[in-house]
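Residue-level listing of the chains:
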Amino acid sequence: EKEQNLSQIEQDKKNLEEYIMKLFGTKYIDPRIRKQIKQYIEEYHYTYSGIHKALVYHYEINGGEIEKANGAIGIVPYTYQKAYNYYYAIWEAQQKNKDKEINQFVPKVKEIIIPIPEKKSKKRKLFSFLDEEDNNAE
């Protein structure tokens, strides 16, 4: 159990590092990024896969600009919880739907008829003092 768990952590770390190298177009992990990863794991109790997902969420799903990263992953604490919520919602939907047969699904068709709007033409009376005087005279 523990050995398999360790290899999963090692795999997650490798996946994260490969993703960061691809993201920044480098063949190595910048020491500043290594320091950030270490800090996020030790101080915030983030996981390698969580950091990876936060980066994927920020850059691929949310369209974050890599130019604004300044060669580091400082965005992670700001996007980690949003990424978590996003992936959790997907997981939850999958759990709810895992025993449903997609080919058995028949959508309910509800036909809505929208009436053609009628044009109401109001005759606007042009205001003039003369009309008012005539009305008062009567």
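In the block above lies the structure referred to throughout.
Throughout what follows, the structure given in this document is the object of discussion. (Residues numbered from 1 in each chain as written. Predicted model: local features only at pLDDT ≥ 70, side-chain atom pairs only at ≥ 80, totals over all residues. Heavy atoms only, no water.)

**Regarding the overall build of the protein**
Scanning the protein from N- to C-terminus turns up five helices and zero strands. From first element to last, N terminus to C terminus, the protein shows the α and β order α-α-α-α-α. Each of the 138 residues in the protein was classed as buried or not, and the buried ones make up 21%. Counting contacts in the protein only where the partners sit at least 6 residues apart, residues at least 24 apart contribute 65% of the total. (Helix = DSSP H or I, 4+ residues; strand = E, 2+ residues; numbered from the N terminus. Buried < 20%, exposed > 50% of the residue type's maximum accessible area, 1.4 Å probe, protein only. Contact = heavy atoms within 4.5 Å.)

**Quick word on the packing of aromatic side chains**
Evaluation of the coordinates by the stated rule reveals eight aromatic pairs. When the ring of Y44 is compared with that of Y46, the centres are 5.3 Å apart and the planes differ by 50°; the resulting orientation is tilted. Of the aromatic side chains, those joined through ring pairs into one cluster are Y40, Y44, Y46 and Y80. The aromatic ring of Y87 is capped on one face by K53, whose charged end is 5.9 Å from the ring centroid. (Phe/Tyr/Trp six-rings, centres within 6.5 Å; stacked < 30°, edge-to-face > 60°. Lys NZ or Arg CZ within 6 Å of the ring centre and 35° of its normal.)

**A word on a nonpolar patch on the surface**
On the surface, I61, Y86 and I90 cluster together into a nonpolar patch covering about 220 Å² of accessible area. Mapped onto the elements, Y86 comes out in helix α4 (residues 76-97). (Patch = residues over 30% accessible without salt bridge, like charges linked within 9 Å, V, L, I, M, F, W, Y side chains within 5 Å. Areas by Shrake-Rupley, 256 points an atom, 1.4 Å probe, with all protein chains shown as cover. Salt bridge = Lys/Arg side-chain N within 4 Å of Asp/Glu carboxyl O.)

**Overview of the side chain of E17**
Relative to the helices and strands, E17 resides in helix α1 (residues 2-24). The class of E17 is buried, set by a relative accessible area of 17%. The contact partners of E17, leaving out residues within four places of it in the chain, are I29 and R34.

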